[in-house]
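The chain contents come next:
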Amino acid sequence: MSLTVKQITDIGAKQLEASGIADARRDSDTLYCYMVGVPESKLFTEYQYTLQEVLCDKYFELIDRRASGEPLQYIVGYTSFMGLPFKVEPGVLIPRQDTETLVEDAISIIETGRIRGAAVCPPKKSWDVLDLGTGSGAIGVSIAKLVDKTNVTLTDVSKDALKIARANAKENGVEKKVKFLEGDLFSPLGGMLGAKKFDMIISNPPYIPTDVIDTLQREIKEHEPRVALDGGEDGLDYYRRIAEQAPKHLKKNGVLLLEIGHDQRDAVTKILFDTGAFEDIRCFQDLARRDRVIFAIKE
């Protein structure tokens, strides 16, 4: 069986749509372009070409994987974050646009001392930044790539995640600007590094309540690492731990930036306030006007 590119991508889109894939047309096109190594911007010029049976079979194998719920990013092995390429595979959370809001706020603070137009700290010649639970490295690598005056330390409990993060640092040309430490949250900062303090600590910690995970989209609950999602019974376990330990690793007037779930503003704000170690605690929204970023200054 031989089909034109237009025919197979139409069939693929219909199969994905029937399987409940939200962006069926986009995913169908992306999988074809991935298979043959053609930029998506050139797809239209491919439509009239006829594919031999072996390529048709290969394409529909990819469609079957996507139709089963396997995330597109894991199939093609990469995603875009902050306009940069990031390798992703099972074992790391897929970076999302919501988290770009967090990174944009961090960059604004580092470059201008302002967040959403409000002055929050004086300018500095350089920033030592700690990215907790880095996963693919999306947050820390993006900051290192997009801001010159940064030295970034990335930690993760997963050896496999750090391997991917290292690959992404190399891909984006910042391997000499970043340091990787294996361990849970602040634990790898012990020993000789114990005295090191940072100008900024930033994190997108697990924040989904345990009993909510099984209600999420199958792409998430069946494929993405549970350890990167599960925030405990109320989704706040990691915020409590970060709030308790972060003050020991922040310089005076150091910045703490956290991504939160859309309904966690009051709870996370209270956790930070109750430590007595933070001031100027604020919450900022993402592009969809949902609460997304918590900002605080260490007293």
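Just so you know, the residues in each chain are numbered from 1, in the order the chain's sequence is written. Given that the model is predicted, a residue must reach a pLDDT of at least 70 before its local features are reported, and side-chain atom pairs must reach 80 or more before they are shown or counted; all residues, however, enter totals for whole chains, interfaces and linings. Side-chain measures here rest on the full set of heavy atoms in the structure, leaving out hydrogens and waters.

(A) Examining the layout of surface pockets more closely. Every definition here rests on a 1 Å grid over the protein atoms only: cavities are sets of points where a 1.4 Å probe fits but cannot get out, pockets are open sets enclosed by protein on both sides within 12 Å along at least five of seven lines, and lining residues have some atom within 4 Å of a point. Grid points are joined across faces, edges and corners, and a volume is the space filled by probe spheres set on the points. By volume, the largest pocket is sized at about 1,200 Å³. In terms of lining, the largest pocket is formed by 46 residues, of which the most central are L93, N204, Y207, A228 and L229. A run of DSSP states H or I qualifies as a helix once it reaches four residues; a run of E qualifies as a strand once it reaches two. Both are numbered from the N-terminal end. Of all the secondary-structure elements, those providing two or more residues to the lining of the largest pocket are α5 (97-112), α6 (138-146) and β8 (150-156). Considering every element that reaches the lining of the largest pocket, the biggest residue donor is α5, with 3 residues. Volume-wise, the second largest pocket comes out at about 730 Å³.

(B) Structural context of a nonpolar patch on the surface. Together, V36, V54 and L55 give the surface a local cluster of nonpolar side chains, amounting to about 230 Å² of exposed area. By secondary structure assignment, the location of L55 is in helix α3 (residues 53-67). Residues forming no salt bridge and having over 30% relative accessible area are the ones grouped into patches, like charges within 9 Å of each other and nonpolar side chains (Val, Leu, Ile, Met, Phe, Trp, Tyr) within 5 Å. For accessible areas, the Shrake-Rupley method is used with a probe of radius 1.4 Å. Any residue's cover is judged against the shown protein chains and nothing else. Salt bridges are defined by distance alone: a side-chain nitrogen of Lys or Arg within 4 Å of a carboxyl oxygen of Asp or Glu.

(C) Here's a closer look at α3. What a helix is expected to span follows from its residue count: subtract one and scale by 1.5 Å. Taking 1.5 Å as the rise per residue, α3 with 15 residues should run 21 Å; its terminal C-alpha atoms sit 20 Å apart, in good agreement. Each residue is assigned to one of three classes by its accessible area relative to the maximum for its type, calculated with a 1.4 Å probe on protein chains only: buried under 20%, partly exposed between the two thresholds, exposed over 50%. Buried residues of α3: C56, Y59, F60, L62, I63, R66 and A67, and no others. Seen end-on, α3 carries its buried residues on one side only, within an arc spanning 155 degrees. Among the exposed residues of α3, those pointing more than 90 degrees away from its buried face are V54 and E61. Residues are treated as being in contact if the distance between any of their heavy atoms lies within 4.5 Å. Next to the buried residues of α3 lie β1 (3-4), α1 (5-18), α2 (24-36), β2 (50-51), α4 (72-76) and α8 (218-221). Downstream of α3 by a residue or two, G69 has a phi angle that is positive, lying close to 105 degrees. Of all possible arcs, the one meant is that of the directions from the helix axis to the C-beta atoms.

(D) Spatial organisation of the sheet that holds strand β9 (residues 178-182). Here, a strand pair is defined by DSSP locating no fewer than two bridges between the strands. If you trace the 7 strands from one edge of the open sheet to the other, you get β9-β8-β7-β10-β11-β13-β12, paired in mixed fashion. With partners counted over all chains shown, the strands left at the sheet margins are β9 and β12 (278-285), one partner each. Shown here is a sheet whose adjacent strand axes are inclined to one another by a mean of 15 degrees, direction ignored. Pairing of strand β7 (residues 127-132) with β8, which is carried by 5 bridges, proceeds in the parallel orientation. Counterpart to D131 in the pairing with β8 is L154. Only the stretch in contact is used when fitting a helix axis, every axis being a line fitted to C-alpha atoms; angles between N-to-C directions are given from 0 to 180 degrees. Docked against the sheet, helix α7 (residues 159-171) engages β8 and β9, running at close to 170 degrees with respect to β9.

(E) Expanded view of unusual backbone geometry. With phi around 50 degrees, L185 is a residue other than glycine that occupies positive phi space. Relative to the helices and strands, L185 resides in the loop between β9 and β10 (198-203). Using a relative accessible area of 7% as the deciding quantity, one classes L185 as buried. A positive phi angle, close to 65 degrees, is found at N253, a residue other than glycine. Mapped onto the fold, N253 is located in strand β11 (residues 250-259). By relative accessible area, which is 37% here, N253 ends up partly exposed.

(F) Local environment of the packing of α1 against α2. The interhelical angle for the contact between α1 and α2, taken along N-to-C directions, is 135 degrees, at an axis separation of 8 Å. Taken together, α1 and α2 sit at an angle that is classed as oblique. Seen along the crossing, α1 lies across α2 with a hand that is right-handed. Of the residues in α2, those in contact with V5, I8, T9, D10, G12, A13, L16 and E17 of α1 are A24, R25, D27, S28, D29 and Y32. Note that Gly is not counted as nonpolar here; it falls among the polar residues with everything else outside the nonpolar set of Ala, Val, Leu, Ile, Met, Phe, Trp, Tyr, Cys and Pro and the charged set of Asp, Glu, Lys and Arg. For the contact of α1 with α2, the residue count by class is 6 nonpolar, 3 polar and 5 charged. Roughly parallel here means an angle under 35 degrees, roughly antiparallel means over 145, roughly perpendicular means 65 to 115, and every remaining angle is called oblique. It is the rotation of the near helix from the far one that decides the hand of a crossing: anticlockwise by less than a right angle makes it left-handed, clockwise makes it right-handed.

(G) Spotlight on the nonpolar core. The criterion is simple. A nonpolar core is a set of buried Ala, Val, Leu, Ile, Met, Phe, Trp, Tyr and Cys residues joined through side-chain atoms within 4.5 Å. Ranked by internal contacts, the top residues of the largest apolar core, which has 37 residues, are I109, I143, M200, L257 and F295. Among the elements that make up this core, the one with the highest residue count is α5 (6 residues). Not counting residues within four places of it along the chain, the set of residues in contact with F295 comprises I109, I115, V120, V255, L256, L257, D280, I281, R282 and F284. Counting residues in each nonpolar core, the second largest holds 30 residues, with L130, I208, I213 and Y238 among its members.

(H) Fine view of the packing of aromatic side chains. Only centres within 6.5 Å qualify two rings of Phe, Tyr or Trp (six-membered ring in Trp) as a pair; their planes then separate them into stacked at under 30 degrees, edge-to-face at over 60, and tilted for everything else. The full count for this structure, using the stated rule, is 3 aromatic pairs. On the numbers, 6.1 Å between centres and 85 degrees between planes, the contact of F81 with F86 is edge-to-face. Residues F81 and F86 agree in their burial class; the two are buried. Between K124 and the ring centre of W127, over which it is positioned, the NZ or CZ distance is 4.6 Å. Two conditions define a charge sitting above a ring: the NZ of Lys or the CZ of Arg must be within 6 Å of the ring centre, and it must be within 35 degrees of the ring normal.

(I) Region of interest: the packing of helix α9 (residues 237-245) against helix α10 (residues 265-275). With their axes 9 Å apart at the nearest point, α9 and α10 run at an angle of 25 degrees to one another. When the interaxial angle is binned, α9 and α10 end up roughly parallel. Our pair here, α9 against α10, has a crossing hand that is right-handed. Between α9, through Y239, R240 and A243, and α10, the contact on the second element is made entirely by V268, I271, L272 and T275. Tallied by class, the residues present in the contact of α9 with α10 amount to 5 nonpolar, 1 polar and 1 charged.

Keep in mind that these numbers describe shape and distance, not what the molecule does.
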